[in-house]
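These are the residues of each chain, in order.
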Amino acid sequence: MIASVNYSLFPGGELLTFARRAIAAADEKKLQLPSIVPYLNNAKVKCDVFQSAQERESKNPVTKLQAAKDGVRNDAFIAFRTHGESASARRKEGWSAAAESLLSVIRKHGWSAQLLGYKAKTGVLNNIVSEIRTKYPAELAFIIAGELLDELEAAEVDFEATAKQFVDVAAATDEPTVMETRPELIVALRAMLQFIGLQQIAAPSDDLTALINTLNELITTSLSTLRASDTRAENNKKKDAGKTDPTTAG
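Residues numbered from 1 in each chain as written. Predicted model: local features only at pLDDT ≥ 70, side-chain atom pairs only at ≥ 80, totals over all residues. Heavy atoms only, no water.

Quick notes on the layout of surface pockets
Where empty space is left becomes clear once a probe the size of a water molecule has been rolled over the atoms. What counts here: The definitions used throughout rest on a 1 Å grid laid over the protein atoms alone, on which a cavity is an enclosed set of points accommodating a 1.4 Å probe that cannot get out and a pocket is an open set flanked by protein within 12 Å on both sides along at least five of seven lines; lining residues are those having an atom within 4 Å of a point. Grid points are joined across faces, edges and corners, and a volume is the space filled by probe spheres set on the points. Following the grouping adopted for this structure description, the nonpolar residues are Ala, Val, Leu, Ile, Met, Phe, Trp, Tyr, Cys and Pro, the charged ones are Asp, Glu, Lys and Arg, and the polar ones are all others, Gly among them.
The computed volume of the second largest pocket comes to approximately 270 Å³. When its residues are assigned to classes, the lining of the second largest pocket shows eight nonpolar, four polar and one charged.

Some thoughts on the side chain of Arg73
Counted only if it meets this: Strands are runs of DSSP state E lasting at least two residues, helices are runs of H or I lasting at least four, and both sets are numbered from the N terminus onward. Think of a polar contact as two N or O atoms within 3.5 Å of one another; within protein, one of them needs to be a possible hydrogen donor and the other a possible acceptor, and neighboring residues in sequence only count if both atoms come from side chains. We call two residues contacting when some pair of their heavy atoms lies within 4.5 Å.
Mapping Arg73 onto the fold places it in helix H3 (residues 61–88). Here the side chain of Arg73 touches Tyr118 through a polar contact of 3.2 Å, landing on its backbone oxygen. Leave out the neighbours within four places in its chain, and Arg73 touches Tyr118, Lys121, Thr122, Leu125, Leu152, Ala155, Glu156 and Phe159.

Describing helix H4 (residues 95–109)
Put simply, the test is: Helix span, as expected, comes to 1.5 Å for every residue beyond the first. Partly exposed describes any residue whose relative accessible area lies between the buried limit of under 20% and the exposed limit of over 50%, with all areas from a 1.4 Å probe on protein chains only and scaled to the type maximum.
Taking 1.5 Å of rise per residue, the 15 residues of H4 would be expected to cover 21 Å, and the 22 Å separating its terminal C-alpha atoms lies within 8% of that figure. Among all positions in H4, only Trp95, Ala98, Ala99, Ser101, Leu102, Leu103, Val105 and Ile106 are buried. On the buried face of H4, the contacting elements are H3, helix H5 (118–135) and helix H6 (137–142). Immediately downstream of H4, the backbone of Gly110 shows phi near 160 degrees, a positive value.

Some points on the pattern of salt bridges
Using the following cut-off: For this document, the term salt bridge refers to a Lys or Arg side-chain nitrogen within 4 Å of an Asp or Glu carboxyl oxygen.
Across all of its chains, the model carries 14 salt bridges by this definition. For Lys29, the salt bridge identified is with Asp207, shortest N-O distance 3.4 Å. Within this pair, whereas Lys29 is found in the loop between helix H1 (12–27) and helix H2 (37–58), its partner Asp207 is found in helix H9 (residues 206–244), the two being separated by 178 residues in sequence. Here Lys46 and Glu184 are joined by a salt bridge, their closest N and O atoms 3.9 Å apart. Separated by 138 residues along the polypeptide, Lys46 in helix H2 and Glu184 in helix H8 (residues 178–202) bring together distant segments of the chain. If you follow the salt bridges from partner to partner, you end up with Asp70, Arg73, Lys121 and Glu156 in one network.

Written out as structure tokens, the structure is:
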């Protein structure tokens, strides 16, 4: 059985790397497993188109601005979530319950929203902000988190405005964008992996088992690398904050 993959966790570069490695693993077995060739070839085509879109967009001047705006909303989300975690640990009457109400919304929609791709993250953050404002305004005010939620909402609005600008610039080239080619690549990868898994059920073989083991190792390693990278980034931000915070200065 092939492990499930949450593709929304993969930023563009990491998705391309994962796709190339999965395709290479399948390509090595195509002579022994000719039935996978149509799915393999489709994945190759979609991967090439996605890579071309990435290369074009890397030259787009709005790309760096969009990434910077995404970084701002990541920081705003983590700041809001961290404040909720801190408030939930307080013994002062009412604080823990109020904070847990807000944290439950974050858990429901996406605790690790900062790891998601641009489009998925936008949906998650808008859902979090909307539900908290609609259902928990009193709890938000009680733990004095309104300003942090305002900052998160403003960062999201700012990102979306930049994203629209990016789409407008990309549309002028009349070439497929990363936003258009990414879902197609994911569909092709899912189809290839699903077919390989089904083949092992219908007609098991040593070659299929070896390929599935290789793919599962790739999936596990890739997801672990993403989590480790995110942990390092958060730790570095905490260290940088500590260096500039006068209350922590020695």
